[in-house]
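Structure at a glance
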Amino acid sequence: MVENEHLIDLNHITKEYDGVTVLDDISLYIRRKEFVTLLGPSGCGKTTTLRIIAGFETPTSGEVLFEGRDIVSLPPYKRRVNTVFQKYALFPHLNVHDNIAFGLKLKKLPRAEIDRRVDAMLDLVNLSGYGKRRVDALSGGQQQRVAIARSLVNEPEVLLLDEPLGALDLKLRKGMQLELKSMQQRLGITFLYVTHDQEEALTMSDTIVVMRDGHILQIGDPKHIYDEPANAFVADFIGESNILRGTMVRDELVHFAGQDFPCVDFGFGEDAPVDVVIRPEDIMLVGEDVGQLTGTIRSVLFKGVHYEMIIDCGAATFKVHSTTMQPQGSRVGLSIVPFNIHIMRPMERPGREG
Amino acid sequence: MSKVSQFFKRFYLGLVLFFLYIPIVVLIIQSFNAGKSRAKWEGFSFTWYEQLFHNTSIMNALWVTVSVAVLATIVSTIIGTLAAIGIHAMKKRPQAVMMTLTNLPNTMPDIVTGVSLMLLFIFANIPRSYTTMLLAHISFDIPYVILSVLPKLKQMNRHTYEAALDLGATPHYALLHVLIPECRQGIVTGALLAFTLSLDDFTISYFTTSPNVQNLSTLIYSATKLGISPTYYALSSLMFVVLLVLLLVVNKRTKEA
């Protein structure tokens, strides 16, 4: 599905506002038909990155290549990208049809052609027959669909989406995630998606770019990012994690929580300080006599699919997800397979792999 | 007890309104009085209204008033709307400075504005005429247009303009087809306000026009010096009605917006 050719290249982009650095030497590329998500907490620079590609911001330094040509000085209305804004930014004085037709009218297409394409778009976003409605008479979800249609009808090379589902309720958001993803695959358009919702990023993306404080922390596909987080921040941000300070005794042996554990990582040197990350669902509860660690269950929370238990092992406290419940106060054994122990240097900043 | 206090409240309000409007009521009644005496009712008649429309100096002044109001409204609406868009796009600090500069003339007494404009024209060696009066009207109308357009811009989603650019509109096209239609209500309210203010201005016009170009208010003022004819009652009554209607329209629009 995703082609190898680079559609957009950001090379060493830095952006400063009044002396404050919001993007610090960012480099990444987007391939044709790829669904790339910029993921990070608010203020990490993800929206600024998007706005630089859209043309609303000019980077302080660095280059933005579109099919290999630098477009930094190209105004937004000459770029072959379209944006879906956070709060839709529809034109209230125009009805649904005219909102969607806005870009086509500017291209001076014949009226019949415009009507045909607008109707096809309304069909695509499940709003057939809504053309004559006022946009402020629509629900949030419907306005969102109009905003997407208004952008997609122009057949952009890249669709930029700035937290487009942020204002919708949970159920609607889940539905729209699937719809957006299938739309992207059907139309074969490149999507650059900005969100702070890690679950959204994992569900939809081909590639996730994790950002923080104007830096890129990790770039990779969702599974890679989830399974092999580059550092403790990524691990913590993507899903839940137990993060502990530990020492790499030697290759494939790590010391944390007062004990040595076999693991699969190597190359850190001997007695090197490391961050140890273990997903709550990767800790198995076993009998007290056979566990690598033993502890007391401090609290139990029912989370729907699983129970979340906090287990005090003396030297460390672990969060554990399990489908079977152990009563509070009981003693249990904990067991972790070597493959599920993730070792990382404290806050490293890798580039893109593959 | 509460009934009594209720009565006095209403009575007091009635008294205030009575003293506010009785002169105008008397004026309107007198404009229909057939006789010239103000002390005696000599029957209902439209005589003064007829004379009004045959009086060339009044008709000239009416033409001056209306044409100045229309031109000043058009020019100040254009300048004021563009100024509002510019101020809206400014950063916080310069925006606050601009807003103070915009509000200041509104709080200044008309006489200060009038005298200073007169001094400016004298200083610049521009003889006072129809044009200077028009320029004066444009200048005092602009702040009101800015103040009615700006809230509309503030209400707008701040990405709406960017959305237009994003869809391929040039800044010029986005201004004409998105920004201005979005704040149309504010623009029309501002224009109506400018027209009303221009129509009933006396003080500023008095200081900025030449003696041979008179609008209705300056004409009435000079007429009172000679002893006023009931024709002016008719004229004043008409002006009152026109301004009342305009004001009601502006108030209705402001409430709806």
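Computed from a prediction, not measured in an experiment: that's the story for all the values here. (Residues numbered from 1 in each chain as written. Chains lettered and ligands numbered in written order. Predicted model: local features only at pLDDT ≥ 70, side-chain atom pairs only at ≥ 80, totals over all residues. Heavy atoms only, no water.)

**Quick word on the overall build of chain A**
This is how it is decided: Each helix is a run of H or I in the DSSP string that is no shorter than four residues. Each strand is a run of E no shorter than two, and both are numbered from the N terminus. Exposure categories follow from relative accessible area, calculated using a 1.4 Å probe and restricted to protein chains: below 20% of the type maximum is buried, above 50% is exposed, and the middle band is partly exposed. Only the protein chains shown count as cover for residues, and all accessible areas are computed by the Shrake-Rupley method using a 1.4 Å probe. For the purpose of charge, His is not counted, nor are the chain termini; Lys and Arg are scored as positive and Asp and Glu as negative. Positions of charges follow a simple convention, taking NZ of Lys, CZ of Arg, CG of Asp or CD of Glu.
Within chain A one finds eight helices and 20 strands. Here the C-alpha coordinates of chain A stretch approximately 80 × 45 × 40 Å along the principal axes. Here chain A holds 354 residues, and 53% of them are scored as buried. For chain A, the computed accessible surface area is about 15800 Å², with 49% contributed by carbon and sulfur atoms. The distance from the centre of the 39 positive side-chain charges to the centre of the 49 negative ones in chain A is 10 Å.

**Quick word on the overall build of chain B**
Note the threshold: Radius of gyration here uses only the C-alpha atoms, and the compact-globule reference equals 2.2 Å multiplied by the residue count raised to the power 0.38. By the convention used here, residues are in contact when the closest approach between their heavy atoms is within 4.5 Å.
When helices and strands are counted, chain B shows twelve helices and zero strands. When the helices and strands of chain B are read in sequence order from the N terminus, they spell out α-α-α-α-α-α-α-α-α-α-α-α. A compact globule built from 257 residues should have a C-alpha radius of gyration of about 18 Å, whereas chain B, at 23 Å, is more than 25% larger. Summarising its shape, the C-alpha atoms of chain B cover approximately 75 × 65 × 30 Å along the three principal directions. Out of the 257 residues belonging to chain B, those deemed buried represent 40%. Within chain B, counting contacts between residues at least 6 apart in sequence, those at least 24 apart form 72% of the total. Entry remark: accessible area of chain B is about 14700 Å², with carbon and sulfur atoms responsible for 71%. Between the averaged position of the 18 positive side-chain charges in chain B and that of its 10 negative side-chain charges there is a distance of 9 Å.

**As for the packing of helix 2 (residues 96–106) of chain A against helix 3 (residues 111–124) of chain A**
All names here are of chain A. Operational definition: The axes used here are C-alpha line fits, helices contributing only the stretch in contact, and every angle between their N-to-C directions lies in the interval 0 to 180 degrees. Any angle that is under 35 degrees is reported as roughly parallel, and any over 145 degrees as roughly antiparallel; angles of 65 to 115 degrees are reported as roughly perpendicular and all others as oblique. Take the far helix as your reference; a near helix turned counterclockwise from it by less than a right angle gives a left-handed crossing, and one turned clockwise gives a right-handed crossing. Residue classes follow a fixed rule: Ala, Val, Leu, Ile, Met, Phe, Trp, Tyr, Cys and Pro count as nonpolar, while Asp, Glu, Lys and Arg count as charged, and any other residue, Gly among them, counts as polar.
Between helix 2 and helix 3, whose axes approach to 10 Å, the crossing angle comes to 125°. The pairing of helix 2 with helix 3 is recorded here as oblique in orientation. The hand of the helix 2/helix 3 crossing is right-handed. In this structure, helix 2 contributes Val-96, His-97, Ile-100, Ala-101, Leu-104 and Lys-105 to the contact, and helix 3 contributes Ile-114, Asp-115, Arg-117, Val-118, Met-121 and Leu-122. For the contact of helix 2 with helix 3, a count of residues per class yields eight nonpolar, one polar and three charged.

**Things to note about the interface of chain B and chain A**
The following threshold applies: Accessible area, probed at 1.4 Å, shrinks when two parts are joined; the buried area is that loss added up over both. A 3.5 Å cut-off defines polar contacts: any pair of N or O atoms within that distance qualifies, except that in protein one atom must be a possible hydrogen donor and the other a possible acceptor, and neighbouring residues in sequence count only when both atoms are side-chain atoms.
Facing 19 residues of chain B, the contacting portion of chain A comprises 22 residues. Area buried by chain B at its contact with chain A is led by B:Glu162, B:Asp166 and B:Leu167, which between them contribute 37% of it. Across the contact surface, chain B and chain A share six residue pairs in polar contact (both at pLDDT 80 or more). Going through the elements one at a time, helix 7 (160–166) and helix 8 (171–182) of chain B are the ones with two or more residues in the side of chain B that touches chain A. Here the residues of the side of chain B that touches chain A sort into nine nonpolar, six polar and four charged.

**Thoughts on the sheet that holds strand 18 (residues 317–322) of chain A**
Residue and element names in this part refer to chain A. This is how the line gets drawn: By definition, two strands form a pair when at least two bridges between them are found by DSSP.
Spatial ordering of the open sheet is given by 15-19-16-17-18, a layout of five strands whose pairing is antiparallel. On the outer flanks of this sheet lie strand 15 (284–286) and strand 18, each paired with one strand and no other. Between one strand and the next, the sheet's axes are offset by a mean angle of 45°, whatever the strand orientation. Where strand 17 (residues 307–312) and strand 18 come together, six bridges link them in antiparallel fashion. Each residue of the ladder has a partner; that of Ile-310, found in strand 18, is Lys-319.

**Here we look at the sheet that holds strand 20 (residues 342–344) of chain A**
The strands making up a sheet are joined through hydrogen bonds of the backbone, oriented either antiparallel or parallel. Residues and elements named next belong to chain A. If you walk across this open sheet you meet the five strands as 13-12-11-14-20, and the pairing is antiparallel. In the strand order of this sheet, the two ends are held by strand 13 (259–262) and strand 20, each with one partner. Averaged over all pairs of adjacent strands, the angle between strand axes in this sheet comes to 40°, irrespective of strand direction. Sheet analysis places strand 14 (residues 272–278) next to strand 20, joined by three bridges and oriented antiparallel.

**Focus: the domain arrangement of chain A**
Heads up, the condition is: Where each domain starts and ends comes from a domain assignment, either automatic or drawn from a database.
Here the domain parsing of chain A yields domain 1 (6–232) and domain 2 (284–335). Relative to domain 2 of chain A, the C-alpha centre of domain 1 of chain A lies at a distance of 42 Å.

**Thoughts on the pairing of strand 19 (residues 331–335) of chain A**
Residues and elements named next belong to chain A. A large share of strand 19 lies buried, amounting to four of its five residues. Where strand 15 and strand 19 come together, three bridges link them in antiparallel fashion. Looking at the pairing, Met-284 lines up with Ser-335 of strand 19. With four bridges connecting them, strand 16 (residues 293–302) and strand 19 associate as antiparallel partners. Its bridge partner being in strand 19, Leu-293 is matched across the sheet by Leu-334.

**Some thoughts on the nonpolar core**
Residues and elements named next belong to chain A. Note the following rule: Among buried residues, those of type Ala, Val, Leu, Ile, Met, Phe, Trp, Tyr and Cys that are joined through side-chain atoms within 4.5 Å constitute a nonpolar core.
In terms of nonpolar packing, the biggest core is built from 40 residues, with Leu-28 and Leu-192 touching the most fellow members. Excluding its chain neighbours within four sequence positions, the residues that come into contact with Leu-28 are Ile-8, Asp-9, Leu-10, Leu-38, Val-209, Ile-216 and Ile-219. The next biggest cluster of nonpolar side chains, apart from the first, holds 34 residues, and it includes Leu-104, Leu-127, Val-153 and Met-183.

**A short note on the environment of A:Arg250**
Residues and elements named next belong to chain A. Following the sequence through the fold, Arg-250 ends up in strand 11 (residues 242–250). By relative accessible area, which is 45% here, Arg-250 ends up partly exposed. Taking the C-alpha atoms as reference points, Arg-250 and Phe-102, 148 residues apart in sequence, are found 63 Å from one another. Leave out the neighbours within four places in its chain, and Arg-250 touches Gly-269 and Glu-270.

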